[in-house]
Amino acid sequence: MTQTTEFATRIDLPLEQRRTLTAMLNQQLADTFDLMSQTKQAHWNVKGPHFMELHELFDELAGHLNGFVDTLAERVTALGGMAMGTVRIAAGTSRLPEYPTDIIDGMAHVAALADRFAAYAHTTRRAITTAADLGDQATADLLTEIARTIDKDLWFLEAHLQG
């Protein structure tokens with residue numbers, strides 16, 4: 001994913017740091033958009049005795065991710081970058097594994113989503129470190145809030161698989 005458009009900004013981070021940050025944020029944007037669509041895939045197709053509970057949970061998790069898509073894209077543009085947020089870009093650059101389309105059982109969906117939420121939480125924490133190392137506390141804080149929510153969402157998923 002190559003970004004060629006940059007915009008002037010008075011944010012006091014050097015251009016090269018902003019370029020690194022926008023590339024990292026655009027990668028997170030792609031992963032987030034992909035995870036949101038995978039979560040909706042589970043929401044639409046879940047079946048079984050816990051249908052309603054899982055259907056609603058998956059929709060709530062997708063809603064969190066939808067908000068993060070917007071927040072990440074806006075941070076990219078605030079830093080002077082071009083948000084790379086189409087479905088095709090996300091599909092081509094996401095680091096998440098493809099969602100299995102042959103499952104319907106509620107717990108199989110929960111397990112598949114838990115794996116993906118855990119992977120996303122990991123890359124989000126790495127992104128926090130990158131932002132902090134580049135002196136961008138605002139981006140690190142934004143990503144920390146995402147990580148905190150994703151960890152809670154992962155806990156909700158994992159609770160269904162335990163006990």
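What counts, and where the lines are drawn
Residues numbered from 1 in each chain as written. Predicted model: local features only at pLDDT ≥ 70, side-chain atom pairs only at ≥ 80, totals over all residues. Heavy atoms only, no water. Core = buried A, V, L, I, M, F, W, Y, C linked by side-chain atoms within 4.5 Å. Buried < 20%, exposed > 50% of the residue type's maximum accessible area, 1.4 Å probe, protein only. Helix = DSSP H or I, 4+ residues; strand = E, 2+ residues; numbered from the N terminus. Contact = heavy atoms within 4.5 Å. Phe/Tyr/Trp six-rings, centres within 6.5 Å; stacked < 30°, edge-to-face > 60°.

1. Some thoughts on the nonpolar core
Link 1 in the chain: Formed by 46 residues in total, the largest nonpolar core has its most connected members in F58, F117, L143 and L157.
Link 2 in the chain: Where this core is concerned, the elements lending two or more residues are α1 (15–45), α2 (51–78), α4 (106–133) and α5 (137–161).
Link 3 in the chain: Of the residues forming this core, the biggest block, 11 residues, is contributed by α2.
Link 4 in the chain: Beyond its immediate chain neighbours, meaning those up to four positions away, F58 contacts T39, A42, H43, V46, G106, H109, V110, L113 and L157.

2. Examining the packing of aromatic side chains
Link 1 in the chain: Scanning the model with the defined rule gives 1 aromatic pair in all.
Link 2 in the chain: Both rings, one in W155 and one in F156, keep their centres 5.1 Å apart while their planes meet at 75°; by these two values the pair is edge-to-face.
Link 3 in the chain: The exposure class of F156 is partly exposed, given its relative accessible area of 30%.

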